[in-house]
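Chain by chain, the residues:
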Amino acid sequence: MEQLSTRQAALKPKDYKSDNKPVWCPGCGDFSVLSAFTKAMSAMTLDPERVAVISGIGCSSRIPAYLNVYGFHAVHGRALPVAIGLKITRPDLTVLVAGGDGDGFSIGGNHFLQACRRNVDITYVVMDNQVYGMTKGQASPTTAPDWMRSKLTPHGTRINPFYPLVIALASGANFIARASSNDPNGTARVIAEAVEHPGFSFVQVLSPCVTFRPEQRDWKKIVRPAPVAPTADPAVAARRLMTDDNFFIGTLFKGGRAPFESGFAPRAEVAGELERSFGLTA
Amino acid sequence: MKTITTRVEFLAHALAIEEEAAERYAVFADQMQVTNNPEVATLFREMARLEDEHARRIEEMSGDKPLPRIDPWAFDFGDAEPPEAVDYTATHYLMTPYQALGLVLNAEQRAAEFFQRIADGDGEADMRRLAAEFADEEREHVERVRRWRGKYPPPEPHWDEDPDPPNELE
Ligand SMILES: Cc1ncc(C[n+]2csc(CCOP(=O)(O)OP(=O)(O)O)c2C)c(N)n1
Ligand code: SF4
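Numbering of residues starts from 1 in every chain and runs along the sequence as written. Numbering of ligands from 1 and lettering of chains from A proceed in the order in which they are written. Whole-chain, interface and lining totals are the exception, using all residues; otherwise, since this is a predicted model, local features are given only for residues with pLDDT of at least 70 and side-chain atom pairs are given and counted only at 80 or more. Hydrogens and water molecules were not included; the side-chain quantities draw on all heavy atoms of the structure.

Caption draft 1: Representation of the pattern of salt bridges in the model. Salt bridge criterion: a side-chain nitrogen from Lys or Arg within 4 Å of a carboxyl oxygen from Asp or Glu. Within this structure, the stated rule accounts for 27 salt bridges over all chains. A:Lys221 serves as the salt-bridge partner of A:Asp218, at 3.1 Å between the closest nitrogen and oxygen. Classification of residues uses two cut-offs on accessible area relative to the type maximum, computed with a 1.4 Å probe and protein chains only: under 20% is buried, over 50% is exposed, and between them is partly exposed. The exposure class of A:Asp218 is partly exposed, given its relative accessible area of 37%. Residues B:Arg146 and B:Glu143 are paired through a salt bridge, measuring 3.5 Å at the closest nitrogen-oxygen approach. One end of the pair, B:Arg146, and the other, B:Glu143, are both in helix H4 (residues 125-149), 3 residues apart, so they sit about a helical turn from each other. With relative accessibility at 37%, the residue B:Glu143 sits in the partly exposed group. Connected through salt bridges with shared partners, the residues A:Lys12, B:Glu19, B:Asp52, B:Arg56 and B:Glu59 form a single ionic network. Numbering of helices and strands runs from the N terminus, with a helix taken as a DSSP run of H or I at least four residues long and a strand as a DSSP run of E at least two residues long.

Here it is as structure tokens:
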């Protein structure tokens, strides 16, 4: 059987989980994404001491606490700059970023554009549930304009939704894919591919919020694999996105841009200067 | 099931099925513990223990021969998910033991069908015999879970209505 991997078993997926019990609502899609992270890390035989998962704020952004690798729970919307800074100074680490559509496309929206442009070798996984889960159900940038269940937008947002894959492609992301939490193994595969692809990799995972968007439980009936192989041609990828209904899953684009490298060796004295200027050291 | 033709390939798949089932039930038990549904938490914890026991028995069957390592997405389950894994979106904090056991029942049924398909397939005779034994065992589990569920009443019509919801749309 050709798919047998020759890589040696080191750690099992559950070895990448921490002892913290998730406080997500039972049924939340983020449980499956957590499992996908651990499966991808195990399949890639990543050494936990050489992995960092950075997040912002939101239900989805709690993921680093549930993993047994280095993690940083940054402020809302700022996970990407933290992760980019880390990767630039520690290129030996595998750096992943995790968060929600609110964290990544509202308050963190501009960082998303710049991260795609800059093309640092990190992987960004957005658990998209088209709502702010943590703050109890307000519309996010990916919410459909006619969703009226929030008291803040009783007539719907009536504004155009944000299309993450289109924006990622237009801004220069080097790897673009969509996965579904209904298929944790498929999501693990996409995350592993994204990590292995050089440059900035973006993965949108459709991950239902069963509390504030209970209708999203039905996503499992709608998602389906895209019937095409990934392309390296942005024009072909753009044409495919024209007929995308947001429920095709798979890898859309694998570009060939060289990842950004700072060209400067990290300097310990910069950290010292920063600490002094913030009054952290004498 | 095109790629499951030998005993080791079969055992590698069976082990993944049982380990995934054990892991899911452990996650569900934690969910119910965190959301204060102790009866269903105990039930899922017991299922996690049973599936884990089954996984360890499969490991013993493989003896000294290491099982092939297969990436999680490369298994040949005939479906994206392993047959005995309950969907992550299937749980609810107010679910009753009857509902929880309904999920378990379906999972055991899917596992029995999966092993039976291999037993009826055209792999090595020794492997097909083993698959038939596994299918019998899963069918026995189906009956046991059905009896277990019979001890509980079906849920009331508005079982998911919470007069004091922890999360309310704002
Ligand atoms: C600076 C700042 N503004 C606003 C908030 C409030 N806040 C916390 S999480 C969140 C949105 C979370 O939505 P999303 O990123 O989609 O994650 P989810 O909870 O749905 O997983 C907001 C607005 C905050 N914590 N900090
Ligand atoms: S509120 Fe929604 S996103 Fe947050 S844990 Fe619950 S189901 Fe998940």
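Caption draft 2: Structural detail: the site of ligand 2. Around ligand 2, a shell composed of A:Trp24, A:Cys25, A:Cys28, A:Cys59, A:Asn129, A:Gly133, A:Cys209, A:Val210, A:Thr211 and A:Phe212 is seen. Gly is placed with the polar residues, together with every amino acid not listed as nonpolar (Ala, Val, Leu, Ile, Met, Phe, Trp, Tyr, Cys and Pro) or charged (Asp, Glu, Lys and Arg). Here the shell around ligand 2 is built from residues that sort into 7 nonpolar, 3 polar and no charged. Any residue with a heavy atom lying within 4 Å of a molecule or strand is counted as near it.

Caption draft 3: Region of interest: the interface of chain A and chain B. Any pair of residues with heavy atoms lying within 4.5 Å of one another is described as a contacting pair. Taken residue by residue, the interface counts 43 residues in chain A and 38 residues in chain B. Buried surface at the junction of chain A and chain B, summed over both partners, amounts to about 3,500 Å²; 55% is from carbon and sulfur atoms. There are 6 salt bridges connecting chain A and chain B. A salt bridge links B:Asp30 to A:Lys21; the shortest N-O distance between them is 3.6 Å. By the criterion applied in these results, polar contacts are pairs of N or O atoms within 3.5 Å in which, for protein atoms, one can donate a hydrogen and the other can accept it, and in which residues neighboring in sequence qualify only through two side-chain atoms. For the pair chain A and chain B, the interface holds 8 residue pairs in polar contact (both at pLDDT 80 or more). Mapped by element, the contributors of at least two residues to the side of chain A that touches chain B are strand E1 (4-5), helix H1 (30-43) and helix H6 (184-196) of chain A. Accessible surface is computed with a 1.4 Å probe, and the buried area is the amount of it that two parts give up when combined, taken over both parts together.

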